[in-house]
Amino acid sequence: MNILKHTYSNHKQALEDLEKEQRLNVLNTKALSYIADKYPGLVNEAFQNIDREEVDGNV
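A brief look at the structure comes next. Note that this is a predicted model, so its numbers are computed, not measured.

**Considering the overall build of the protein chain**
Argument step 1. In terms of regular secondary structure, the protein chain is built from two helices and zero strands.
Argument step 2. Based on the C-alpha atoms only, the size of the protein chain along its principal axes is roughly 55 × 30 × 10 Å.
Argument step 3. Burial analysis of the protein chain (59 residues in total) assigns 2% to the buried set.
Argument step 4. Carbon and sulfur atoms form 57% of the exposed surface of the protein chain, whose accessible area is close to 5600 Å².
Argument step 5. Separation between the mean location of the 7 positive side-chain charges and that of the 10 negative ones in the protein chain comes to 13 Å.

**Some points on a nonpolar patch on the surface**
Argument step 1. A contiguous nonpolar surface patch, about 420 Å² in accessible area, is contributed by Tyr34, Ile35, Tyr39 and Leu42.
Argument step 2. Relative to the assigned elements, Ile35 resides in helix 1 (residues 2-38).

**Notes on the environment of Gln13**
Argument step 1. Among the secondary structure elements, Gln13 is positioned in helix 1.
Argument step 2. Spatially, the C-alpha atoms of Gln13 and Asp37 are 36 Å apart, while their sequence positions differ by 24 residues.

**Some words on the packing of helix 1 against helix 2 (residues 42-56)**
Argument step 1. Remark: helix 1 packs on helix 2, axes separated minimally by 7 Å, with the N-to-C direction vectors making an angle of 120 degrees. Between helix 1 and helix 2, the interaxial angle falls into the category oblique. Residues Leu32, Ile35 and Ala36 of helix 1 form the contact with helix 2, whose own contacting residues are Leu42, Val43 and Phe47.
Argument step 2. Tallied by class, residues from the contact of helix 1 with helix 2 come to six nonpolar, no polar and no charged.

Criteria and thresholds
- Residue positions within a chain follow its written sequence, with the count starting from 1.
- With the structure being a predicted model, the display of local features is reserved for residues of pLDDT at least 70 and the display and counting of side-chain atom pairs for 80 or more, all residues being used for whole-chain, interface and lining totals.
- Each side-chain value is derived from all of the structure's non-hydrogen atoms; neither hydrogens nor water enter the calculation.
- Only runs of H or I of at least four residues qualify as helices and only runs of E of at least two qualify as strands under DSSP, and these elements are numbered from the N terminus.
- Per-residue accessibility, obtained with a 1.4 Å probe over protein chains only, is compared with the maximum for each type, and a residue is labelled buried under 20%, exposed over 50%, and partly exposed between these values.
- Surface exposure here means Shrake-Rupley accessible area, sampled with a 1.4 Å probe, where a residue is shielded only by the protein chains that are shown.
- When charges are tallied, Lys and Arg are placed among the positive residues and Asp and Glu among the negative ones, while His and the ends of the chain are skipped.
- Lys charges are placed at NZ, Arg charges at CZ, Asp charges at CG and Glu charges at CD.
- Grouping into patches uses exposed residues only, defined as over 30% relative accessible area, and leaves out salt-bridged ones; the cut-off is 9 Å for like charges and 5 Å for nonpolar side chains (Val, Leu, Ile, Met, Phe, Trp, Tyr).
- Within this document, salt bridges are pairs made up of a side-chain nitrogen of Lys or Arg and a carboxyl oxygen of Asp or Glu, the two lying within 4 Å of each other.
- Helix axes use the C-alpha atoms of the stretch in contact, all axes being lines fitted to C-alpha atoms, and the angles between their N-to-C directions lie in the range 0 to 180 degrees.
- Reported orientations rely on four angle classes, namely roughly parallel under 35 degrees, roughly antiparallel over 145, roughly perpendicular from 65 to 115, and oblique for the rest.
- Contact criterion: two residues are considered in contact whenever any of their non-hydrogen atoms come within 4.5 Å of each other.
- Nonpolar residues are Ala, Val, Leu, Ile, Met, Phe, Trp, Tyr, Cys and Pro. Charged residues are Asp, Glu, Lys and Arg, and all others, Gly as well, are polar.

So this is what it looks like as structure tokens:
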């Protein structure tokens, strides 16, 4: 029975963590959308710089 409780607890915690991550993703998307509306081109420029850093191995 302890194994079942432990497994349930782990799954419950994993689900809660996933829900938190999804909420953060929604907030981040809304924030990026707001910034993109206020400062056209800035978000694209940022992503291009991130892509360049990944290619250069700096991330």
